[in-house]
Amino acid sequence: MPKVNIALDAELVVEVMVLAGVNTPQDAVEAVVRDYIARGHRTEARTAGRDEPVRTGEIVPPEPQQG
């Protein structure tokens, strides 16, 4: 797999290392990137269900208001 070299603020990386409980800067960055990707997939999955009727033209009653 190709590698990418980037410069990051050391304080940011140390903070991520502490929060994620990892021991190396590379593991910290990988954890953040993996979390970001997983969050994107979860968001896509949640919004896909709502957008489906609009995309297909299917008529569905609106959801009742909460609260």
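Everything below is about the structure shown above.
Every value quoted in this text rests on a predicted model; they were computed, and no experiment measured them.

Novice: I'd love a proper account of the overall build of the chain, names of residues and values included.
Specialist: For the chain, the count of helices and strands is two helices and zero strands. Counting across all 67 residues of the chain, residues that qualify as buried make up 6%. As displayed, the chain has an accessible area near 6,500 Å², and 58% of this comes from carbon and sulfur atoms.

Novice: Let's hear about a nonpolar patch on the surface: which residues, and what values?
Specialist: Judged by side-chain polarity, V4, I6 and L8 come together as a nonpolar surface patch covering roughly 330 Å² of accessible area. Relative to the helices and strands, V4 is located in the segment before α1 (10-20). Exposure remark for V4: the relative accessible area of 68% places this residue in the exposed category.

Novice: Explain the pattern of salt bridges residue by residue, including any values.
Specialist: As enumerated under the stated definition, the model contains one salt bridge in all. A salt bridge links R39 to D35; the nearest nitrogen and oxygen atoms lie 3.1 Å apart. Note that R39 and D35 are positioned in helix α2 (residues 25-56) at a spacing of four residues, about one turn of the helix. Exposure remark for R39: the relative accessible area of 47% places this residue in the partly exposed category.

Cut-offs applied
Residues numbered from 1 in each chain as written. Predicted model: local features only at pLDDT ≥ 70, side-chain atom pairs only at ≥ 80, totals over all residues. Heavy atoms only, no water. Helix = DSSP H or I, 4+ residues; strand = E, 2+ residues; numbered from the N terminus. Buried < 20%, exposed > 50% of the residue type's maximum accessible area, 1.4 Å probe, protein only. Areas by Shrake-Rupley, 256 points an atom, 1.4 Å probe, with all protein chains shown as cover. Patch = residues over 30% accessible without salt bridge, like charges linked within 9 Å, V, L, I, M, F, W, Y side chains within 5 Å. Salt bridge = Lys/Arg side-chain N within 4 Å of Asp/Glu carboxyl O.

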